[in-house]
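Structure assessment
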Amino acid sequence: MNKEKRIQILQRLRENNPKPTTELEFNSPFELLVAVLLSAQATDVSVNKATRLLYPVANTPQAIFDLGVDGVKQYIKTIGLFNSKAENLIKTCRILIDQHNSQVPENREALEALPGVGRKTANVVLNTAFGWPTIAVDTHIFRVSNRTKFAPGKNVDEVEQKLLKVVPAEFKLDVHHWLILHGRYTCVARKPKCGSCLIEDLCEFKDKVD
């Protein structure tokens, strides 16, 4: 995979979807943070179903904190790992109230200090809420980057560093959304839809399927 191919891939993805964004529903940095925290090992569809019930009732750190762990669980019990997520969410709200004036910090170190927030979640919030050119690598991006040979790596950190290195600045803000959507709907795990893929001729996957 060379530079010219990568640029062609990115140009096609951009032409197909000029203004990509997350499929998680949110109206504030805090709502996005909560949704991403809930989305670990869960689908965006399941998270959106839960937050559509939760946010009209509580969509600020104080309001969610006031619900308490058991109160939050009533809204998110359809999501995997809801017990630990409810506890992390309440702890996160407490920290936001006490240390950040109930605001989501635009700072990687402060975000990663929040319970249940790792590098990937911090990257999503910095990118989608604050417009940073960060690249969050989830299972979809890891698969697409390795399968296409766009940015191969043995783990998510290696793939992230490779993407940051090979993706030109003009594409960095949007690339993680393009790759997630491509992995979610076209370059799927079990049987990629190569026949309907808009970058099939540029992809270096050896076992393409019709």
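Residues take numbers from 1 onward in each chain, read along the sequence in its written order. Per-residue local features of the predicted model are confined to residues with pLDDT of at least 70, and side-chain atom pairs are confined, for both listing and counting, to 80 or more; whole-chain, interface and lining totals are unaffected and use all residues. The basis for every side-chain value is the complete set of non-hydrogen atoms in the structure, without hydrogens or water.

Another aspect to go through is the overall build of the chain. Starting at the N terminus, helices and strands are each numbered in turn, a helix being any DSSP run of H or I of at least four residues and a strand any DSSP run of E of at least two. Each helix and strand counted, the chain has 11 helices and zero strands in total. Counting helices and strands in the order they occur from the N terminus, the chain gives α-α-α-α-α-α-α-α-α-α-α. Here the chain has a C-alpha radius of gyration of 18 Å; the compact-globule value for 210 residues is 17 Å, and the two agree. Dimensions of the chain, computed from the C-alpha atoms along their principal axes, are close to 55 × 30 × 30 Å. Contacts are assigned to residue pairs with any non-hydrogen atoms lying within 4.5 Å of each other. Excluding contacts between residues fewer than 6 apart, the proportion of contacts in the chain whose partners are at least 24 apart in sequence is 59%. Here the globule rule is a power law, 2.2 Å times the number of residues to the power 0.38, and the radius of gyration is based on C-alpha atoms.

The gaps left among the atoms become clear once a water-sized probe is rolled over them. Empty space within the largest pocket amounts to approximately 560 Å³. Around the largest pocket, the lining is made up of 27 residues, and of these Ala42, Asp44, Asp138, His140 and Arg184 lie nearest the centre. Listed by contribution, the elements that provide at least two residues to the lining of the largest pocket are helix 3 (44-54), helix 7 (119-128), helix 8 (139-147) and helix 11 (175-185). Sort the elements by how many residues they give to the lining of the largest pocket and helix 11 lands first, with six residues. Residues that form the lining of the largest pocket fall into these classes: 12 nonpolar, 10 polar and five charged. Space inside the second largest pocket adds up to approximately 170 Å³. Note on definitions: the grid is 1 Å and covers protein atoms alone; a cavity is a set of points where a 1.4 Å probe fits but cannot get out; a pocket is an open set with protein on both sides within 12 Å along at least five of seven lines; lining residues have an atom within 4 Å of a point. Grid points are joined across faces, edges and corners, and a volume is the space filled by probe spheres set on the points. Gly is put with the polar residues, along with every residue not named as nonpolar or charged; the nonpolar set is Ala, Val, Leu, Ile, Met, Phe, Trp, Tyr, Cys and Pro, and the charged set is Asp, Glu, Lys and Arg.

The subject of this paragraph is the packing of helix 8 against helix 11. The convention used is that axes are lines fitted to C-alpha atoms, helices contributing only their stretch in contact, and that angles between N-to-C directions extend from 0 to 180 degrees. Put simply, helix 8 and helix 11 touch, their axes get as near as 8 Å, and they point 85° apart. With respect to their mutual orientation, helix 8 and helix 11 come out roughly perpendicular. Taking contact as the criterion, the partners of His140, Ile141, Arg143, Val144 and Ser145 in helix 8 are, on helix 11, His176, Leu179, Ile180, His182, Gly183 and Arg184. Here the residues of the contact of helix 8 with helix 11 sort into four nonpolar, five polar and two charged. Roughly parallel means an angle under 35 degrees; roughly antiparallel, over 145; roughly perpendicular, 65 to 115; everything else is oblique.

Before going further, it helps to spend a moment on empty space enclosed by the protein. Inspection of the entire model under this criterion finds one cavity of 30 Å³ or more. Roughly 90 Å³ of internal volume is contained in the largest cavity. What lines the largest cavity is a set of 14 residues, and nearest its centre among them are His182, Cys187, Cys194, Cys197 and Cys203.

In this model, Gln41 sits at a positive phi of 55°, which is unusual for a non-glycine residue. Looking at the secondary structure, you find Gln41 in the loop between helix 2 (29-38) and helix 3. Accessible area is worked out with a 1.4 Å probe on protein chains only. A residue is then buried under 20% of its type maximum, exposed over 50%, and partly exposed in between. Judged by its relative accessible area of 73%, Gln41 is exposed. Although it is not a glycine, Ser102 sits at a positive phi angle of roughly 65°.

All right, on to helix 9 (residues 156-166) then. Looking only at helix 9, the buried set comprises Val159, Glu160, Leu163 and Val166. For helix 9, the angular spread of the buried residues around the axis is 145°, confining them to a single face. Elements in contact with the buried residues of helix 9: helix 1 (3-16), helix 7, helix 8 and helix 11. Definition of a polar contact: a pair of N or O atoms within 3.5 Å, with one able to donate and the other able to accept a hydrogen when the atoms are protein atoms, and with sequence-neighbouring residues admitted only if both atoms are side-chain atoms. Residue Asn155 occupies the N-cap position of helix 9, its side-chain oxygen lying 3.1 Å from the main-chain nitrogen of Asp157. The reported arc concerns the directions from the helix axis to the C-beta atoms and nothing else.

Relative to the helices and strands, Thr51 resides in helix 3. Among all residues touching Thr51, those that are not within four sequence positions of it are Glu25, Leu38 and Pro56.

What follows concerns the pattern of salt bridges. Note on definitions: salt bridges are taken to be side-chain nitrogens of Lys or Arg within 4 Å of carboxyl oxygens of Asp or Glu. All chains considered together, the criterion is met by nine salt bridges. Its salt-bridge partner being Arg52, residue Glu25 comes within 2.6 Å of it at the nearest N-O pair. One end of the pair, Glu25, is in the loop between helix 1 and helix 2; the other, Arg52, is in helix 3, with 27 residues separating them in the sequence. Among the salt bridges present, the one from Glu160 reaches Arg119, with a minimum N-O distance of 2.7 Å. One end of the pair, Glu160, is in helix 9; the other, Arg119, is in helix 7, with 41 residues separating them in the sequence.

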